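Structural overview for review
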Amino acid sequence: MGRFHRHADGTVHDHDHPHDDHEGHDHEHRDVGDHRGYTETGVARVAVLESILSENDRIADANQADLAEHGVWAVNVMSSPGAGKTTLLKRTLVGLGERVRLGVLEGDIATSLDADELQGLGAAISLVNTSAGFGGECHLDAVMVRSGLSRLPLGDIDLLFIENVGNLVCPAEFNVGEQAKAMVYAVTEGEEKPLKYPVMFRAADVVVVNKIDLLPHLDFDLDQFLGNLHDVNPHAAVFQVSARTGEGVDPWCRWLLDAHARAA
Amino acid sequence: MHELSLCQAILGTVDARAAGRPVRRVDVRIGHLRQVVPDSLQFSWQMLTEGTEYGDCELVVEHVPAVVHCAACDVDTTLDWPILACAACEGFDVELRSGEELQIASIDIAQEVR
């Protein structure tokens, strides 16, 4: 790439120049942040070609390495608010019982309500409130998870649930170092959701269809939903459960145990 | 909703690359399959940069369409629906060619004259 010049009349052109990029040059920068000393003749376009999330991904890799070192298999659990993540987790912790050592990293914008719900079920729990930033982040990122991991006894955990902030958009964009992404979807949300929120539905390795005990009371078309899900993500494992009654929770628990065993 | 986080990440990278030199413009490429709202990204950028040395720095967003290549038709088609299928034959044997970009393409740094 050449050196770009922008002239007073607005035209921009570039000269082929072997070292247009100042990267690596040994300039001394005095008065950093104060540019009054500059006389501008134009600008140099410097190629960056870096993912916006590269810093997040670097920390996610570090999280993954720490988890692997301790033999922890982690699943990032995502859903819209109220789809039943915490209720499903309670059932799941009870269902898995003593078969594996459990941990939960609980992400919430504010309050410890969900973390409190999960106390006393045999899992080590770490709470991450995301409200430290501008009025509360809508997702967990790798840095927040790293902080949450530092408060967990990783050596005593086999299977770790990372309960994300309830939100169908943002959590899907941020890797946190997990081995699998699970999505909890409630049948009260409507059949079209995979088409409206394709990034999350595409990212999921497994989709848990929750609240099936309500099906007799809804106009929900389960086949249409499953068709939409398949169109967007043909590879996801699907479980139909009621976290409220416990129906269908056993196959989901077996999937988790199998996934953990395969990774071990 | 995560546009503010994205802008913070963009600023972090730009700041490291610029190393104190004045940045006039940042070009980012955002794929169609990413859930980024351009207006929201611009708003977040203004909010973060106002009153800083990046106050005059322009954020330019290039929208990258979602393109799939169909193995059966051997053609590239553009998606406007999130289903990864060939727009010509509606087959699912497709490979995503673009649309997942979330990239800082370049930064324009003001020339220093000695």
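The paragraphs below set out a description of the structure included in this document.

**What about the sheet that holds strand β3 (residues 66-70) of chain B?**
All names here are of chain B. What the three strands build is an open sheet, ordered β4-β3-β5; its pairing is antiparallel. Unpaired on one side and paired on the other, β4 (76-79) and β5 (94-98) mark the two borders of the sheet. Taking the axes of each pair of neighbouring strands and ignoring which way they run, one obtains an average angle of 35 degrees across the sheet. With four bridges connecting them, β3 and β4 associate as antiparallel partners. When the sheet's bridge partners are listed, H69 is paired in β4 with D76.

**Here we look at the pattern of salt bridges**
A side chain of one charge can pair with a side chain of the opposite charge if their charged atoms are brought near each other. Taken as a whole and judged by the stated rule, the model has 17 salt bridges over all chains. Among the salt bridges present, the one from R45(A) reaches D108(B), with a minimum N-O distance of 2.7 Å. Linking R45(A) in strand β3 (residues 43-51) with D108(B) in strand β6 (residues 102-110), this pair reaches from one chain into another. In this pair, the class of R45(A) matches that of D108(B), namely buried. For the salt bridge of E192(A) with K196(A), the shortest nitrogen-to-oxygen distance reads 3.5 Å.

**Points about the sheet that holds strand β6 (residues 123-129) of chain A**
Residue and element names in this part refer to chain A. The strand order across the open sheet formed by seven strands is β6-β5-β7-β4-β8-β9-β10, and the pairing between neighbours is parallel. Across the chains shown, the open sheet's two edge strands, defined by having one partner strand only, are β6 and β10 (237-240). In this sheet, neighbouring strand axes are inclined to one another by 20 degrees on average, regardless of whether the strands run parallel or antiparallel. Sheet analysis places strand β4 (residues 73-79) next to strand β8 (residues 180-186), joined by five bridges and oriented parallel. The residue bridging N76 from the neighbouring strand is K181, located in β8. Against the sheet, helix α2 (residues 85-96) engages β4, β5 (102-108), β6, β7 (159-163), β8 and β9 (206-210), with an angle of about 170 degrees to β7.

Conventions we followed
- Residues numbered from 1 in each chain as written.
- Chains lettered and ligands numbered in written order.
- Predicted model: local features only at pLDDT ≥ 70, side-chain atom pairs only at ≥ 80, totals over all residues.
- Heavy atoms only, no water.
- Pairing = 2+ DSSP bridges.
- Helix = DSSP H or I, 4+ residues; strand = E, 2+ residues; numbered from the N terminus.
- Axes fitted to C-alpha atoms, helices over the stretch in contact; angles between N-to-C directions.
- Salt bridge = Lys/Arg side-chain N within 4 Å of Asp/Glu carboxyl O.
- Buried < 20%, exposed > 50% of the residue type's maximum accessible area, 1.4 Å probe, protein only.
- Contact = heavy atoms within 4.5 Å.

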